[in-house]
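Take a look at the letters that make up each chain.
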Amino acid sequence: MCGIVGFTNNIDDSNRVIGEMMDRIRHRGPDAEGKYVDEDIALGHRRLSIIDISSSGDQPIFNEDGSKVIVFNGEIYNYREIREKLVAAGHTFKTNTDTEVLIHGYEEYGAELLNMLRGMFAFVIWDKNKRELFGARDFFGIKPMYYAKMGRTLMFGSEIKSFLAHPEFKKELNTVALENYLTFQYSPTKETFFRNVYKLLPAHYFIYKDGKMTIKRYWDVSFRPDDKPSLDEWVERISDTFHDSVKAHKIADVEVGSFLSSGVDSSYVAAIADVDKTFTVGFGNDEKYNEIGWAKNFSKAVNIENMSKVITPEEYWGSLEKIQYHMDEPLADPSAVALYFVCNIASERLKVVLSGEGADEIFGGYNVYSDPDGTLYDKLPRGLKRAVGSVAGKLPAKRGVNFFVRKGKDVEERFIGNAYMFTPAERKALLKVETEAPSPMAITMPYFKRVADMDDVTKMQYLDLHMWMAGDILLKADKMSMANSLELRVPFLDKEVMALAEQIPTRYRVTHDKGTDETKYITKYAMRLAAKKDTPEQTAKTAAKKKLGFPVPIRVWLKEDKYYSLVRETFESENARQFFNTELLVKLLDDHRDGRADNSRKIWTVFIFLVWYRVYFDNNGAYSSAERTA
């Protein structure tokens, strides 16, 4: 696990600039550094040593004749098998790294190499002879890749903050991203919060030559349910495939641990991974916000040591600047801070952890997936439901009314992912700045169209796999682990696991069968049964336990004078007045404190943007202590 930076070389002091860019991401790889600079390209690398931890694994790495050079961030779990094929084809290796497999593999197979890989990756290869740059990002977007074309220079790398050291980088806020963020709680398109800086989307590669960039998708999820196998057969297949994935994800020359919450995903990983240590965080003593006791009991039952930490409110709020600095873009997911702290305690003891991200998207685990056809009302004709929903939409919003409004809409109209903060009308009223931001439906509809012939559950999963997972779940997983120089691996997000899950019928992903003893396993139905099978008997109840996932008591804290005052001061600041109608912000805050509405997530969305903006834009780019102590 590492960090990469680079730029096409059109400046005089490229050695100094690439060095400063590498320094900005030192946290991603404190073990070693390396760079390559010529008249056309500058490449930099920071290394966290995991495989072939000797200096022979340092990057950049070259092919046999030195005509190609690579910098790589990630892990390739099947690199040994690919290496054998390359050796048989005549390639000569100087190291035992997966990095060298990539550069020889690209020589041999070109872009077709990507579909041979099993792992997480973001890498670039410079071909000196062709004067051509090739870059790629993994199937799910586990590892990040950003790029920006400014002036005569193309910049690229693992984190946007590295671009700030380049003399041709122009730092401007992208207000379109801000408006989109107010609805989604993350940046939902390829655009970022920095104008003219973009994400290379998951499962895409680019070729940059003669100032022109070509981007292509090389892989996509393809749901094709197979009704022939029985439920028991699917459970066996899930068990076998996931065991294989966990085994592959444990490849390392250093110790591997595992995160552990009370949900089935991380428990399943921890139960079969044969690690020595698990890591858990929580808040206070309330079981709604603290899973430590459960995690310790589970770990004891499977003979694993559990390391834990209770995060104080002061620690949580005091870390926000640093968190948003490392995030690069604002992310209003409160659990990102909890993830930072669990990564922190893990990094004190080892370099690699396994985690349960991706299971919900792949196997159908979110509660919202049980919404389609989940009630008798869903059996009514579509036209009748739409008519009732239209009438209900004219009434004051409240729980019962909202049910009929929601049920009166098609899934493409109502679902944008697991977070829906401000409606388009609400965000327009809130914002002072005018943008040409697209509607939420305009962003989501291209994904829905790709699965237009599928059922609603599959449509929702497909959207989440492409948007929510990459934009929220995997963003915070990468940035919070790398902030602590920790490699986080996600065995559910494996190409072989996905290939299996694509075939599982919807009724085994989300079930409404009330006539079985397993009625409590509504979501991730088949996967939960596989987890129950593979989990020791004394801890099998984890398959039925509702996941909390490092929950955060934001709604409680915002009613306390100390944190209410802190947020109000931010909402009335000069920065807030620049972008927002602050009287509406204060009303959201006051209504929440006085119990008139639970506005905690909306408040947090705006507040986190303002924290991020203070870090990256205040004082003309002279950042606060967050950068200096990173």
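Residues numbered from 1 in each chain as written. Predicted model: local features only at pLDDT ≥ 70, side-chain atom pairs only at ≥ 80, totals over all residues. Heavy atoms only, no water.

S.K.: Would you take a moment to explain the environment of His104 for this structure?
M.R.: Within the element layout of this structure, His104 appears in helix H3 (residues 98-109). Residue classification places His104 among the buried positions, given a relative accessible area of 0%. His104 has contacts with Asn63, Glu64, Leu86, His91, Thr92 and Phe93, leaving out every residue within four places of it along the chain. (Helix = DSSP H or I, 4+ residues; strand = E, 2+ residues; numbered from the N terminus. Buried < 20%, exposed > 50% of the residue type's maximum accessible area, 1.4 Å probe, protein only. Contact = heavy atoms within 4.5 Å.)

S.K.: When you look at the packing of aromatic side chains in this model, what are you seeing that I'm missing?
M.R.: What characterises a pair of aromatic rings is the spacing of the ring centres plus the angle enclosed by the ring planes. By the definition in use, this model includes 48 aromatic pairs. Plain terms: the ring middles of Phe139 and Tyr218 are 5.7 Å apart, the flat faces sit at 65° to each other, and that makes the pair edge-to-face. Residue Phe139 is located in the loop between strand S7 (132-137) and strand S8 (146-150), and its partner Tyr218 is located in the loop between strand S12 (212-217) and helix H5 (231-249); the two are separated by 79 residues in the primary sequence. Between Tyr181 and Phe193, the ring centres sit 5.4 Å apart and the planes meet at 85°, which makes this aromatic pair edge-to-face. Here Phe193 lies in the loop between helix H4 (175-184) and strand S10 (197-199) and Tyr181 lies in helix H4, a separation of twelve residues in the sequence. Geometry around Phe617 places Lys171 over its ring, the cationic atom sitting 4.9 Å from the centre. The lysine or arginine in question, Arg507, covers the ring of Tyr508, its NZ or CZ lying 4.6 Å from the ring centre. (Phe/Tyr/Trp six-rings, centres within 6.5 Å; stacked < 30°, edge-to-face > 60°. Lys NZ or Arg CZ within 6 Å of the ring centre and 35° of its normal.)

S.K.: So what exactly am I meant to see when it comes to the environment of Asn180 here?
M.R.: Among the structural elements, Asn180 can be located in helix H4. Each C-alpha atom, one on Asn180 and one on Pro424, is 8.9 Å from the other, the two residues being 244 residues apart in sequence. Sequence-distant contacts of Asn180, defined by excluding residues within four places in its chain, comprise Tyr186, Pro188, Thr189, Arg427, Ala437, Pro438 and Ile443.

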